[in-house]
Amino acid sequence: MDLPVVVGVDGSEPSLRAVDWAADEAALRGAPLRLVYASLWERYEGQSLADDLAKPSEQVRAEDVVRVAAERARLRQDGARISTGVLPEEPGFALVREGQGACALVLGTRGRSGLAEVLLGSVSLTVAARADCPVIVVRPGSDNQVRAGAHGRLVVGVGEHGAHSKALSFAVEEARLRGASLDAVRAWRCPAHESTDHPLLAGEPARLHERLAAEVLDRALKETPPDVDLHRRTAEGPARRVLLNASHEADLLVVGARRDRGRLGLQLGRVAHAVLHHGACAVAVVPEPA
């Protein structure tokens, strides 16, 4: 089945940057592109109709938004296979449902109601925490190029899933499609209770944890295809800080987020939450089984 790349649009500048990214992503994958506008206009407008089209005025505006976004995508990628949807639903719910039949969801950081674009909006946060497919959030200031990004580098955080990580598989696929290098990063920390003040022993705990981190990387990456320009890296510090630092030299940062079907509420984790809010590049959150 030819799964589409789905992008949420609402006419805001962040969503238009997401359209650019999604059009490139769809072209890279040879996939269809679906543009979706979702809003609960019927709840607020009732029977108020636009005089000329006998439709709710918000629906008329929404149809204009997706039409303009589709034209932008066609200018970006000639020959793109584009479909659109204008849905009278809560945006987060609608996009999560759309993601059930998508290869990826692409979103901007904030919609029209956003007060500070540097922080992540509630819709993007909700979708990233609940979607069944990878969610790419195009951060402000990131280069909206997929194939020829500014750095030619992707970064993936390697967690406990190792070689079975969905995030790692997604990052490898993206690197191969783009012809970009891939930095696989494993953060490590030396617990405070293992440290010592003795000058002859001071470095031992750190070397042990660094070696363990390197071993995790080796196991996770042993089946990586040889045509991927792969770079292994361990770094001391909290994972969220290590990955945020790495995002300054990357076009896309990929992290995993556990999904527990039996749990309610947002399921992101501190690392994914931090990089979504503060990453210096686009961020992809890939669901991992619990």
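Reading guide: rules and limits
Residues numbered from 1 in each chain as written. Predicted model: local features only at pLDDT ≥ 70, side-chain atom pairs only at ≥ 80, totals over all residues. Heavy atoms only, no water. Helix = DSSP H or I, 4+ residues; strand = E, 2+ residues; numbered from the N terminus. Buried < 20%, exposed > 50% of the residue type's maximum accessible area, 1.4 Å probe, protein only. Contact = heavy atoms within 4.5 Å. Areas by Shrake-Rupley, 256 points an atom, 1.4 Å probe, with all protein chains shown as cover. Patch = residues over 30% accessible without salt bridge, like charges linked within 9 Å, V, L, I, M, F, W, Y side chains within 5 Å. Salt bridge = Lys/Arg side-chain N within 4 Å of Asp/Glu carboxyl O. Lys, Arg positive; Asp, Glu negative; His and termini not counted. Charge placed at Lys NZ, Arg CZ, Asp CG, Glu CD. Pairing = 2+ DSSP bridges. Axes fitted to C-alpha atoms, helices over the stretch in contact; angles between N-to-C directions. Polar contact = N/O pair within 3.5 Å; in protein donor to acceptor, adjacent residues only side chain to side chain. Disulfide = S-S within 2.5 Å. Left-handed = near helix turned anticlockwise from the far one by under 90°. Nonpolar A, V, L, I, M, F, W, Y, C, P; charged D, E, K, R; others polar. pLDDT = per-residue confidence, 0-100. Core = buried A, V, L, I, M, F, W, Y, C linked by side-chain atoms within 4.5 Å. Expected span 1.5 Å × (residues − 1).

A.B. asks: Sorry, what's going on with the overall build of the chain here?
C.D. replies: Counting its regular elements, the chain contains nine helices and ten strands. In the chain, buried positions account for 50% of the 290 residues. Considering only intrachain contacts with a sequence separation of at least 6, the fraction spanning at least 24 residues in the chain is 77%. Accessible area of the chain: about 14200 Å², with a carbon and sulfur share of 50%.

A.B. asks: Got a minute to help me understand a positive patch on the surface in this structure?
C.D. replies: Together, R189, R240, R241 and R270 make up a region of like positive charge exposed at the surface. For R189, the position within the fold is in the loop between β7 (181–188) and α7 (204–221). Relative accessible area serves as the criterion here: at 56%, R189 is assigned to the exposed category.

A.B. asks: Even after reading the chapter, I still don't get the sheet that holds strand β3 (residues 82–87), so can you show me in this structure?
C.D. replies: Read from one edge to the other, the open sheet built from ten strands follows the order β3-β2-β1-β4-β5-β10-β9-β6-β7-β8, with strand pairing classed as mixed. Here the strands that pair on one side only, and so sit at the sheet edges, are β3 and β8 (230–236). Averaged over neighbouring strand pairs, the angle between their axes works out to 25° when direction is ignored. Two elements, strand β6 (residues 153–157) and β7, share five bridges in a ladder whose sense is parallel.

A.B. asks: Looking at this structure, how should I read the side chain of S15?
C.D. replies: Here S15 lies in helix α1 (residues 13–29). Within polar-contact distance, the side chain of S15 engages the backbone oxygen of S12 at 3.0 Å. Filtering out sequence-adjacent residues up to four positions away, S15 remains in contact with G8, V9 and D10.

A.B. asks: Explanation requested: the state of the cysteines in the structure shown.
C.D. replies: Here a disulfide denotes one covalent bond, and it connects the sulfur atoms of two cysteines. According to the stated counting rule, one finds zero disulfides in the structure shown. With no disulfide of its own, C103 lies 7.6 Å from the sulfur of C133, the closest cysteine sulfur.

A.B. asks: Looking at this structure, I do not really get the environment of V7. What am I missing?
C.D. replies: Looking at the element boundaries, V7 is found in strand β1 (residues 5–8). Since its relative accessible area comes to 0%, V7 is described here as buried. With 95 residues separating them in the primary sequence, V7 and A102 have C-alpha atoms 10.0 Å apart. Non-local contacts of V7, meaning those with residues more than four positions away in its chain, are made with A18, V19, A22, L33, R34, L35, V36 and V106.

A.B. asks: Explain the pattern of salt bridges here, please?
C.D. replies: Where side chains of opposite charge bring their charged atoms close, a pairing between them can arise. Enumeration according to the criterion identifies 16 salt bridges in this entry. Across the salt bridge formed by R29 and E25, the nearest N and O atoms sit 2.9 Å from each other. Taken together, the residues R29 and E25, both in helix α1 and four residues apart, mark about one turn of the helix. The class of R29 is partly exposed, set by a relative accessible area of 22%. The salt bridge involving R67 is made with E71; its shortest N-O contact spans 3.5 Å. Placement of both R67 and E71 in helix α3 (residues 57–76) is noted, with a separation of four residues, approximately one turn of the helix. According to the relative accessible area criterion, E71 is partly exposed, its value standing at 40%.

A.B. asks: Even after reading the chapter, I still don't get the packing of helix α4 (residues 91–99) against helix α5 (residues 122–130), so can you show me in this structure?
C.D. replies: Working note: a packed helix pair is described by the angle between its axes plus the distance between those axes. Contact geometry for α4 and α5: axes closest at 9 Å, N-to-C directions at 35°. Regarding α4 and α5, the two cross each other, and that crossing is right-handed. Of α5, the residues touching α4 (which contributes P91, G92, L95 and V96) are V123, V127 and R130. Residues belonging to the contact of α4 with α5 are distributed by class as follows: five nonpolar, one polar and one charged.

A.B. asks: What exactly am I supposed to notice about the confidence of the model for the chain here?
C.D. replies: Low pLDDT marks regions whose predicted coordinates should not be analysed in detail. Averaged over all residues, the pLDDT of the chain is 84; the fraction at 70 or higher stands at 81%. Confidence, expressed as mean pLDDT per element, reaches its minimum in the chain at helix α2 (residues 41–45) with 51 and its maximum at β1 with 97. A low-confidence stretch, residues 195–201 stays under pLDDT 50, and its non-local contacts, those more than four residues away or across chains, total three contacts.

A.B. asks: I keep staring at the nonpolar core and nothing clicks. Help me out?
C.D. replies: Inside soluble globular proteins, nonpolar side chains tend to come together where they are buried. Counting 49 residues, the largest nonpolar core has V7, V9, L33, V106, L182, L252 and V254 as its most contacted members. Of all the elements, α1 adds the most residues to this core, at seven residues. Non-local contacts of V9, meaning those with residues more than four positions away in its chain, are made with S15, V19, L35, V36, Y37, V65, V66 and A69. Counting residues in each nonpolar core, the second largest holds 36 residues, with L87, L95, V137 and V285 among its members.

A.B. asks: I'm lost on α1 in this one. Help?
C.D. replies: Each full turn of the α-helix corresponds to 3.6 residues, which orients residues three or four apart in the same direction. With 17 residues, α1 should cover 24 Å at 1.5 Å per step; its first-to-last C-alpha distance of 25 Å lies within 8% of that length. The element α1 is extensively covered by neighbouring structure, given that 14 of its 17 residues are classed as buried. G30 occupies a position one or two residues after α1 and carries a positive phi of about 65°.

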